[in-house]
Amino acid sequence: MKVLKFGGTSVGSAKNINKVISILENYGKIDTVICVVSAVGGITDKLLLAGKQAQNKDQAFLETFKGIQDRHFDIIKALNPENNEGILNYADEKLDSLKSLLEGIFLINELSPKTSDKLVSYGELLSSFIIAETIKNRGLSAERKNSQELIVTNSNFTKAEVDYNITDKNFQDYFKSAPQTITILPGFISKSKAGEQTTLGRGGSDFTAAIIAAALKVSQLEIWTDVSGMYTTNPKLVKQAYPIDKISYQEAMELSHFGAKVLYPPTVQPVLNLGIPIHIKNTLEPEAEGTIISNDKTNSVAPVKGISNISNIALLTLEGSGMVGIPGFSKRLFETLSQEKINIIMITQASSEHSICLGIEEKDAENAKVVIDEEFENEIALNKIEPIIIETGLSIIALVGDNMKNHQGISGKMFSSLGKNNVNVRAIAQGASEKNITAVIAENDIKKALNTLHEQFFETNTKQLNVFITGVGNVGERLVEQIHQQKKFLKENLKIKMRVIGLSNSRKMLFKEDGIDLTNWKAQLEKDAEPATLQSFFEKTKSLNLRNSIFVDVTANKDVADLYAQYLRESIGVVACNKIACSSDFENYKLLKRLSLKYSAPLLFETNVGAGLPIIDTLNNLIASGDKVNSIQAVLSGSLNFVFNNFNDTTKFYDVVKQAGAEGYTEPDPRIDLSGVDVARKILILARESGVEMNLEDIENKSFLSEAGLKSDTVADFYETLIKDEDHYQALYASAKANNCQLKYVASFDNGKASVSLQEIPEGHPFYNLEGSDNIVMFYTQRYPKQPMIIKGAGAGADVTASGLFADIIRVGNN
Ligand code: ADP
Ligand code: ASP
Ligand code: MG
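Note that the structure is predicted; figures quoted are calculated from it, not measured.

Draft legend 1. Up close: a negative patch on the surface. A contiguous patch of negative charge, built from D585, E587, E693, E697 and D698, is present on the exposed surface. Among the structural elements, E697 can be located in the loop between α25 (677-689) and β26 (700-702).

Draft legend 2. Broad picture of the site of ligand 1. The local shell around ligand 1 holds 16 residues, among which T225, D226, Y231, K236 and K261 are the closest. Contact between ligand 1 and G8: an oxygen atom at 2.9 Å from a main-chain N or O atom of the residue. Between an oxygen atom of ligand 1 and a side-chain N or O atom of K236, the distance comes to 2.9 Å. For ligand 1, the protein covers 89% of the area, taking 570 Å² as the surface of the free molecule. Of the residues belonging to the shell around ligand 1, the class tally is six nonpolar, six polar and four charged.

Draft legend 3. Fine view of the pairing of strand β17 (residues 436-442). Counted residue by residue, β17 has six buried out of seven residues, so it is predominantly covered. Relative to β17, strand β15 (residues 389-400) is paired through seven bridges, and the arrangement is antiparallel. Its bridge partner being in β17, L394 is matched across the sheet by A442. Here strand β16 (residues 425-430) pairs with β17 via five bridges, running antiparallel. For I428, the partnering residue across the bridge sits in β17 and is A439.

Draft legend 4. Layout of the sheet that holds strand β20 (residues 508-511). The sheet built from seven strands is open, its strands ordered β21-β20-β19-β18-β22-β23-β24 with mixed pairing. Where the open sheet ends on each side, the last strands, each with one partner, are β21 (530-531) and β24 (603-604). Relative to strand β22 (residues 549-553), strand β18 (residues 463-470) is paired through five bridges, and the arrangement is parallel. Considered in β22, the bridge of N466 is made with S549. Lying on the sheet, helix α15 (residues 474-494) is in contact with β18, β19 (496-504) and β22; it crosses β19 at an angle near 160 degrees. Strands in contact with helix α17 (residues 534-544) are β18, β19, β20, β21 and β22; relative to β20, the strand with the most contacts, it is inclined by about 10 degrees.

Draft legend 5. Inspection of the environment of N56 at higher detail. Structurally, the position occupied by N56 is in the loop between α2 (43-55) and α3 (60-79). Each C-alpha atom of the pair N56 and V574 lies 53 Å from the other, and the pair is 518 residues apart in sequence.

Draft legend 6. Structural detail: the nonpolar core. In this structure, Y564, I632, F653, I683, L686 and F704 are the most contacted members of the largest nonpolar core, which totals 79 residues. Ranked by residue count, the leading element in this core is α25, at seven residues. Apart from the residues within four sequence positions on either side, L686 is in contact with V609, I615, I616, L619, I632 and L636. With 62 residues, the next largest nonpolar core counts F175, A213, I244 and A252 among its residues.

Calculation criteria
- Residues numbered from 1 in each chain as written.
- Chains lettered and ligands numbered in written order.
- Predicted model: local features only at pLDDT ≥ 70, side-chain atom pairs only at ≥ 80, totals over all residues.
- Heavy atoms only, no water.
- Patch = residues over 30% accessible without salt bridge, like charges linked within 9 Å, V, L, I, M, F, W, Y side chains within 5 Å.
- Areas by Shrake-Rupley, 256 points an atom, 1.4 Å probe, with all protein chains shown as cover.
- Salt bridge = Lys/Arg side-chain N within 4 Å of Asp/Glu carboxyl O.
- Lys, Arg positive; Asp, Glu negative; His and termini not counted.
- Charge placed at Lys NZ, Arg CZ, Asp CG, Glu CD.
- Helix = DSSP H or I, 4+ residues; strand = E, 2+ residues; numbered from the N terminus.
- Near = heavy atom within 4 Å.
- Polar contact = N/O pair within 3.5 Å; in protein donor to acceptor, adjacent residues only side chain to side chain.
- Nonpolar A, V, L, I, M, F, W, Y, C, P; charged D, E, K, R; others polar.
- Buried < 20%, exposed > 50% of the residue type's maximum accessible area, 1.4 Å probe, protein only.
- Pairing = 2+ DSSP bridges.
- Contact = heavy atoms within 4.5 Å.
- Axes fitted to C-alpha atoms, helices over the stretch in contact; angles between N-to-C directions.
- Core = buried A, V, L, I, M, F, W, Y, C linked by side-chain atoms within 4.5 Å.

If you want it as structure tokens, here you go:
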């Protein structure tokens, strides 16, 4: 004898009911089968909605009723194109009496829990009858037996308690002589001793099946649903969740208590002592293994088995010095709530007894406040305790596992990974048996929190990075392409799953929560994108609230740099090739560094100096390992290198600068490069990263430009001066040539002072042979006092800059 239960989705359409029938048919070939069914998916909710509408004198209840009626007739006809009068007549009759009940509620304007139970019973009564008759029509030996005739409860409507003595006996008696192979029973519904219709609580069909399995002491209970077992966490919220193959009764109970809806929490109770395993299976994918819930000692010993969550939670806090050391406080509090049938989901009490914090369902919050404030009226009047505080908009998240007690550091990991992702924890509870660790967080953090914890405990080897890129010009475009190309490699070799979630240029932005398809992002940015502002890009990034989010600034825009603080405050890491923030006022630089630490959000800007060359990273490593920088000598401008490598007595300065611009080596305004400001910013950043407090004004800048060049107002004027002042520039070249030197634009940091200037570099000096747009940095430090550490290579260009950004993004991922 086998007991199977099929849930709402499993019996939610003719197509699915056919799947159910074929499963039953197969089982029926070898054994007698007892099958509990839910109402057609969504019908219980619709019945309650119609009831509420009728109670509120809202005529819309008729429309809702019509929907319920049509849904059933459609299913009956699809399942039984012929020979369907019997079923249709039964359904007609039932639906008529349902309609009369709704009209009654409409008339008297009242919907008591008792009437509500009567109302929802129609769902399971209809589904069980339709399914049983359809099976009979197919020539199988089947019968519907109404569970209301067998399950006897008290009169606690909407969540009645079972009288097991009578109920067990009823089942044993009935099945002793039931001749049919397949028995279909409605789940969820029952009757009180006085004969009133009752129900076992929402989701209660699972429980019905467990009651029967225990009464008949069968060898296995199967719960067939719409997912392939009990998952590591809610599969609707975490894509990477996967089915747990084996789990203990206690773990299953904890998970379901804390919101894993796949199993109604009381279900375990009747079968637990008898050791009857519960097998969770997927009707839509019957070949999937599913989950076995049992006492099997070979269950895996992983400390954390699953993570679950409950939404719509309110936190009640009762506080006051008058509570300390006075016995009976908690008792009164709990009794008050129990009298109101308010379910307490979690409790925390500080050992000082100064406050008690309770998690309850949000819908009960107002009522709870009224009754508790009433109960403690005297104490409140005497200022011994405060009126109760209620916070709403919260969720509970729970880590569950029998073996957590044998492992240290689980809660440490849990809270630090939540903290790193800016998930604020409002309250914490840990069961004394350590089978769960529970935290209360904001409702809108739930998806991020579940994904973060799932990654932490179940995908220990992989990490998902969610990237948001502003600026898709030359460099940005290369970056996106590199990410696209490397996706597979990153996943397989570094266990990093990198997704670009947001992209924007100065006009438009594109967001895809599951990651933008990078094969045709440009077309999407043209077609699907919405108008963008820097602030709206930030707001959208923030509202998606994804874990391991990284903002990438591929602009040279001050307004973008001004937003870093906002990103960091949301624990969103920032990667920038934009130099403005790190070369801005020292206070701002310091603030960003502080925010980065405070919110555990990395701020990386390797490409600010030398494009993709590992200059800042190397410097940071030197400092972190205790080295001290004595001096830095560097050639850091690809543009100025290009200019002075091509300028000589056969070329004209104007032509060379023009060419540098045309080939993309200078900024559109070449003065930014030629004035030395760009290089000054770079040496400033290196000085700051070496630990020195410095501002741009502190850097000595001996310009090589002519007087007129320095004073020019516009780019066009500036170019004019280059023509006029050719002699000035030729003189610089001639002097260098006479001294057998090369002209290089050098940045230097020495003894706490920094300067930038054009210098004549003699043969044999490491700078002398610098070619093309190469950069070179020499670090003289305590460990490298005479022979400097030298980093040299291409220091400009879209590809190397993009790869530098890419490396920073991966660094954030490894953080
Ligand atoms: P049924 O109607 O078959 O009883 P339910 O809707 O009551 O089905 O329960 C199945 C649903 O439970 C799944 O579709 C899924 O959305 C939800 N769920 C929440 N947490 C979990 C979990 N940890 N494992 C599996 N399903 C879960
Ligand atoms: N139909 C009931 C509900 O939706 C019982 C169940 O499906 O388990 O709550
Ligand atoms: Mg269910």
